[in-house]
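Each chain is listed here by its residues.
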Amino acid sequence: MSLQSKLDNLREQFESTAPPEALTIMHRATNDLLASSIMDGVVQAGIRAPDFSLTDQHGNLVCASARLSDGPLVVSFYRGVW
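Quick caveat: nothing in here was measured; it's all calculated off a predicted structure.

Caption draft 1: How the structure looks around the pattern of salt bridges. Tallying each qualifying case throughout the model produces one salt bridge. Close ionic contact of Asp8 with Arg11 constitutes a salt bridge, the shortest N to O distance being 3.2 Å. Within this pair, Asp8 and its partner Arg11 are both found in helix α1 (residues 3–17), separated by three residues, close to a single helical turn. For Asp8, a relative accessible area of 24% corresponds to the partly exposed category.

Here is the structure:
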């Protein structure tokens, strides 16, 4: 099963059990976001990212171009503990 199929199934399950007023609010918020053109600035899959440097979990500076020389690069953002 593809990721999209799994996500569609989860949405259908949620929408079949969620209170109608909650669904109305969520759908309105989703439509508002789509109408705001917020997605126009999102980098699409397959687009090469600009070179950047970030600190790792130990505070060391890591440069994307240096890591890319070793092969494909995956960047994961950890939002921390709330």
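From this point, the narrative continues.
Caption draft 2: Fine view of helix α2 (residues 20–35). The terminal C-alpha atoms of α2, which comprises 16 residues, lie 22 Å apart, in line with the 22 Å expected from a rise of 1.5 Å per residue. Just downstream of α2, Ser37 is the residue with a positive phi angle, here 65 degrees.

Caption draft 3: How the structure looks around unusual backbone geometry. Unlike most non-glycine residues, Ser37 shows phi in positive territory, near 65 degrees. When you line up the elements, Ser37 lands in the loop between α2 and β1 (53–55).

Reading the values: the criteria
Residues numbered from 1 in each chain as written. Predicted model: local features only at pLDDT ≥ 70, side-chain atom pairs only at ≥ 80, totals over all residues. Heavy atoms only, no water. Salt bridge = Lys/Arg side-chain N within 4 Å of Asp/Glu carboxyl O. Helix = DSSP H or I, 4+ residues; strand = E, 2+ residues; numbered from the N terminus. Buried < 20%, exposed > 50% of the residue type's maximum accessible area, 1.4 Å probe, protein only. Expected span 1.5 Å × (residues − 1).

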